[in-house]
Amino acid sequence: MTHHATPAPRSIPGSPLFEARDIVAGYGESRVLHGATLRVGEGETLALLGRNGSGRSTLLKTIMRLIAGTGSIMMAGVELARAKPHEAARAGIGYVPENRAIFPDLTVRENLSIGLPQRHRAPQAGPRGPQWSEDEFFELFPNLKRRANVAGGVLSGGEQQMLTICRALMGEPRLLLIDEPTEGLSLAMIDQVAGLIREAARRGVAILLVEQKLTIALDVCQRINVMGHGQIVFDGSVPAFQSDPAIRSEWLEV
Ligand SMILES: Nc1ncnc2c1ncn2[C@@H]1O[C@H](COP(=O)(O)OP(=O)(O)OP(=O)(O)O)[C@@H](O)[C@H]1O
Ligand SMILES: [Mg+2]
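Now for a quick tour of the structure.

The rules behind the values
Residues numbered from 1 in each chain as written. Chains lettered and ligands numbered in written order. Predicted model: local features only at pLDDT ≥ 70, side-chain atom pairs only at ≥ 80, totals over all residues. Heavy atoms only, no water. Donors = N, O, S within 2.8 Å, 3.2 Å for Na, K, Ca; no water. Helix = DSSP H or I, 4+ residues; strand = E, 2+ residues; numbered from the N terminus. Buried < 20%, exposed > 50% of the residue type's maximum accessible area, 1.4 Å probe, protein only. Near = heavy atom within 4 Å. Polar contact = N/O pair within 3.5 Å; in protein donor to acceptor, adjacent residues only side chain to side chain. Areas by Shrake-Rupley, 256 points an atom, 1.4 Å probe, with all protein chains shown as cover. Pairing = 2+ DSSP bridges. Axes fitted to C-alpha atoms, helices over the stretch in contact; angles between N-to-C directions. Contact = heavy atoms within 4.5 Å.

With that settled, consider the coordination of the magnesium ion (ligand 2). Bound to the magnesium ion (ligand 2) on the protein side are Ser57 (OG) and Glu98 (OE), at distances that span 2.0 to 2.8 Å. Remark: glutamate 98 occurs in the loop between β6 (93–96) and α3 (108–114) and serine 57 occurs in helix α1 (residues 56–63); sequence separation between them is 41 residues. When its relative accessible area of 14% is taken as the criterion, serine 57 is described as buried. Judged by relative accessible area, glutamate 98 falls into the partly exposed class, the value being 39%.

Here's what the structure looks like:
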């Protein structure tokens, strides 16, 4: 069989950078998502809110193809519905999971270099996001620089979170999914994490942020989606969200 070079896919004009449509997914017999539809535009920052257990992490895992689901997942013109996780990454999606998945025995520097796109192994499926260098991160976060040669496992929780986001950015994503990055962090570290997300957005990376702290979500993001009953029950701008207190009482407050 001959292998043909696949042409770089282009987005369909007028379509968003990313769209997950009618996603149904869950664990074994139990369904969590009942037809969730969500879009993120090029360079847009979207916060995904919802109560604990509403299915926000499940949606991110489905997008990354870590759990099975039905529906359509389009990234920059590539259908990922039946793709493997590495194909989602190749299509330009970066992922920062809930549990700060750094490699504890590798140094900070080694952890960062693992995020680099493996160009020699697999050509990227389409245009990449902005390029990042280790030095840039070290300039932004002198703490990481000081600890460049220290094992990732000895960093504080906040430093590990920063490192996880930096490593994901090293992969040059056009869209970065970030799951509850500020959970359990000190106020000072929360500021740093929010600053890093803002910097990524400033450089044109689209952001899908799951965040429990409303102030951070509203501060970092332009648009809000709220998840309830396994679907998106609100989609609107930050001002639209703020002028609708019923959304909060019905879907967010406990
Ligand atoms: N690995 C799993 N196996 C079985 N059920 C799971 C698993 N992970 C999550 N669930 C269930 O799926 C539902 C949605 O969980 P999910 O983690 O997506 O929620 P969430 O909105 O991210 O909330 P939080 O992060 O606050 O828990 C919950 O009822 C949860 O108990
Ligand atoms: Mg979660």
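Attention now moves to the site of ligand 1. Within the structure, ligand 1 sits among Tyr27, Val32, Arg51, Asn52, Gly53, Ser54, Gly55, Arg56, Ser57, Thr58, Glu98 and Glu180. Note that an oxygen atom of ligand 1 is positioned 2.9 Å from one of the backbone N or O atoms of glycine 55. With respect to ligand 1, the side chain of glutamate 98 contributes an N or O atom lying 3.4 Å from an oxygen atom. Alone, ligand 1 offers 630 Å² of accessible surface; in the complex the protein occludes 59% of this.

This part is about the sheet that holds strand β10 (residues 231–237). Pairing is mixed across the open sheet formed by six strands, whose spatial order is β6-β7-β8-β3-β9-β10. Of all the strands in the sheet, the pair left with one neighbour each is β6 and β10. Strand-to-strand twist in this sheet, taken as the mean axis angle between neighbours without regard to direction, amounts to 15°. Pairing of strand β3 (residues 45–50) with strand β8 (residues 206–210), which is carried by four bridges, proceeds in the parallel orientation. Bridge pairing in β8 links leucine 48 to valine 210. The strands that α1 touches are β3, β6, β7 (175–179), β8 and β9 (223–228); relative to β7, the one it contacts most, it runs at about 145°. Together, β3, β7 and β8 form the strand contacts of helix α7 (residues 187–202), whose direction differs from that of β8 by roughly 150°.

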